[in-house]
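Chain and residue survey
The residues making up each chain are set out below.
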Amino acid sequence: MSQTPHSDGSRRNAKGRERNRGQRNQQGERGRQGQGRRYSQKAPSQRSRRADPARTAAFKVLRAVSRDDAYANLVLPAEIRRATLDRRDAGFATELTYGALRAQGTYDSILSRCVDRGLDQLDAPILDALRLGVHQLLAMRVTTHAAVNETVGLVRAEIGAGPSGFVNAVLRRVSEKSMEQWVEEISGAEEAGSDAALALQHAHPAWVVRALKQSLKMHGRGEELQELLTADNASPEVHLVELPGVGQKRLASALEAGAAASHLVEGAAVFRGGDVGRLPGVPEGELRVQDIGSQWIARALAGAWTPETTDPDVAGERWLDLCAGPGGKAALLAALAAEHGATLLANEPAAHRAELVTKALSAVPAEAWSVRAGDGRSIAETSERYDRILIDAPCTGLGALRRRPESRWRRRPADLAELTVLQEELLDAGVGVLAPGGVLAYVTCSPHPAETLVQVEDVLRRHPELQLLDAHEAMASASLPAGAEAMEATAGQEAEGGSISSKLVQLWPHAHGTDAMFFALLHKPGRLQVQEQ
Ligand SMILES: C[S@@+](CC[C@H](N)C(=O)[O-])C[C@H]1O[C@@H](n2cnc3c(N)ncnc32)[C@H](O)[C@@H]1O
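Quick caveat: nothing in here was measured; it's all calculated off a predicted structure. (Residues numbered from 1 in each chain as written. Predicted model: local features only at pLDDT ≥ 70, side-chain atom pairs only at ≥ 80, totals over all residues. Heavy atoms only, no water.)

**Concerning the UniProt feature "binding site: S-adenosyl-L-methionine" (unreviewed entry) in the protein**
In this numbering, the UniProt entry assigns the feature "binding site: S-adenosyl-L-methionine" (unreviewed entry) to Cys323, Ala324, Gly325, Pro326, Gly327, Gly328, Lys329, Glu348, Asp375 and Asp392. The residue glycine 325 is located in the loop between β5 (318-321) and α14 (328-340) in this model. Setting aside residues up to four positions removed in sequence, glycine 325 forms contacts with Glu348, Arg353 and Val357. Here aspartate 392 shows up in strand β8 (residues 386-392). In contact with aspartate 392, not counting residues within four places along its chain, are Cys323, Lys329, Val443 and Thr444. Among the polar contacts made by the side chain of aspartate 392, one reaches the side chain of lysine 329 at a distance of 2.5 Å. (UniProt positions renumbered as here; feature names shortened; annotations may be inferred. Helix = DSSP H or I, 4+ residues; strand = E, 2+ residues; numbered from the N terminus. Contact = heavy atoms within 4.5 Å. Polar contact = N/O pair within 3.5 Å; in protein donor to acceptor, adjacent residues only side chain to side chain.)

**A look at the nonpolar core**
Counting 59 residues, the largest nonpolar core has Leu130 and Val174 as its most contacted members. For this core, the secondary-structure elements that each account for two or more residues are α1 (53-68), α2 (72-82), α3 (87-102), α4 (104-112), α5 (124-139), α6 (144-158), α7 (164-174) and α8 (179-187). Leave out the neighbours within four places in its chain, and leucine 130 touches Leu111, Leu122, Phe166, Val167, Val170 and Leu171. Leu243, Ile297, Leu336 and Ala441 belong to the second largest nonpolar core, which has 54 residues in total. (Core = buried A, V, L, I, M, F, W, Y, C linked by side-chain atoms within 4.5 Å. Buried < 20%, exposed > 50% of the residue type's maximum accessible area, 1.4 Å probe, protein only.)

**Structural notes on the site of the ligand**
Neighbouring the ligand are 20 residues, the closest being Gly328, Glu348, Arg353, Gly376 and Asp392. In the model, a nitrogen atom of the ligand is placed 2.9 Å from a nitrogen or oxygen of the glycine 376 main chain. In this structure, a nitrogen atom belonging to the ligand sits 2.7 Å away from a side-chain N or O atom of aspartate 392. Compared with its free state, where it exposes 610 Å², the ligand has 84% of that area covered by protein. Counting residues per element, the ones that place at least two in the shell around the ligand are α14 and α17 (415-432). Across the shell around the ligand, the residue classes break down as 9 nonpolar, 5 polar and 6 charged. (Near = heavy atom within 4 Å. Areas by Shrake-Rupley, 256 points an atom, 1.4 Å probe, with all protein chains shown as cover. Nonpolar A, V, L, I, M, F, W, Y, C, P; charged D, E, K, R; others polar.)

**Notes on the pattern of salt bridges**
In the structure shown here, the tally under the stated rule is 31 salt bridges. Residue aspartate 392 pairs with lysine 329 through a salt bridge whose shortest N-O separation is 2.5 Å. Placement of the pair is aspartate 392 in strand β8 and lysine 329 in helix α14, with a sequence separation of 63 residues. Note on aspartate 392: relative accessible area 18%, which makes it buried. Two residues, arginine 377 and glutamate 425, come together in a salt bridge whose shortest N-O distance is 2.8 Å. You can see arginine 377 sitting in the loop between β7 (369-372) and β8 and its partner glutamate 425 sitting in helix α17, a full 48 residues away along the chain. (Salt bridge = Lys/Arg side-chain N within 4 Å of Asp/Glu carboxyl O.)

As structure tokens, this is what we get:
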């Protein structure tokens with residue numbers, strides 16, 4: 001049995017002197033990231049420069065994520081460009097980065113069995129390098145030799161020679177077992193099928209597993225937890241949307257370039273063919289990357305009928321997107337508004353995100369939209385009433401785990417307290433400016449019951465004048481036949497959430513191939529109906 005490697009990387013040479021003294025600071029303590037610590041007494045110029053560029057790019061992204069709270073999906077493209085990686089290496093760097101980040105919790109459990117002390121005692125760059133090594137060893141088709149040697153080379157080049165022996169020893173221990181054997185070992189202490197066991201097997205925090213399980217049950221999908229957890233760990237496909245009535249017809253050329261038309265929603269396609277930025281219409285903003293779930297909901301709101309609607313004509317209507325940044329749904333809503341003679345106000349408080357909204361809308365005729373850079377809770381200041389309102393609320397994002405590989409480990413249950421208060425306040429603000437006869441879509445990219453069902457129950461309690469419409473019907477009428485079928489099937493499956501859950505739409509990655517978007521449709525009865533009651 002191999003010995004547990006010492007996490008300070010120390011080794012004694014033949015004379016018994018401790019090598020790698022550069023790992024210690026003047027007080028003889030292990031230095032921490034950010035305290036000016038050096039990993040090697042060698043000057044950078046003396047360090048090995050043979051690290052593989054794709055692995056180095058992945059390492060830099062992991063460092064930015066753990067050191068600066070950066071988002072991997074934003075940092076990675078820049079690192080790939082900086083390293084001028086070709087398509088194959090870019091693919092390798094992407095798989096390595098996303099895989100190591102997604103499975104971080106599980107990999108840390110494995111690593112903690114291979115190191116002589118708590119992982120919190122390791123220097124952060126070393127831990128990041130180890131995570132990359134573990135992912136190559138256990139989840140990529142990289143040979144043990146290459147995974148270990150390349151990670152050690154990376155450590156030498158990016159951190160210093162000091163910890164390279166330690167990293168080598170830890171990774172050799174990891175390589176003694178397969179992923180299946182490790183998962184069996186680390187989850188063996190947990191009750192089979194428990195949330196804790198599933199969390200380790202599928203690399204999700206246990207509290208997230210619990211929330212997903214609860215939401216699946218609420219929507220009649222209690223048996224699908226493992227499928228969902230598996231889908232969360234797969235790379236999402238790229239979805240495209242053609243902005244209707246804007247510029248040239250762009251979907252056709254995307255289909256010619258290999259995209260497949262969506263069978264769920266009109267104007268949408270799935271693209272598996274590489275650099276989406278090169279498709280005609282993408283640079284012009286006429287063809288955009290957008291999850292089909294988001295498109296579907298935006299179209300459902302734009303076309304929603306109410307019990308008192310006699311005329312589906314939306315011409316002259318005012319629409320509001322209360323939380324619009326970065327502008328994905330706003331762009332589609334604005335294009336639909338322009339096509340049908342309505343106007344959209346897109347509101348976003350964060351200045352840089354408000355700029356992104358303006359950019360996203362720029363392909364749509366300017367008379368159809370405007371942007372307000374302000375807090376949604378003060379929207380009443382606009383002194384307007386809106387016929388269709390979208391509240392795509394700030395949320396935990398637990399429905400978009402495929403896209404943001406680090407987010408599951410960054411989020412905390414405590415985040416819910418702050419977010420749910422904000423969601424409640426935004427809902428109240430939206431209801432306050434909803435015109436009689438109008439509809440309000442409450443949307444989250446989280447299926448967490450506290451952000452979804454509970455918010456809807458509470459807003460109905462606070463505003464008894466509101467009616468809850470069946471969101472499945474709105475989705476079905478905005479769908480292609482297969483989408484409508486999927487909605488009807490889902491509507492029939494609602495189960496344990498009480499009476500209102502049957503009217504709430506919850507999309508799922510494993511079932512719909514979309515993010516796990518939630519959609520509730522609220523209606524403020526018109527004056528006529530109020531007087532009649
Ligand atoms: C889920 S995102 C919206 C995504 C957007 N609808 C899209 O499809 O691109 C939530 C947005 O709400 C914004 N937000 C945060 N606090 C807000 C507030 N008090 N009022 C309005 N929007 C807010 C965030 O900045 C973020 O851009």
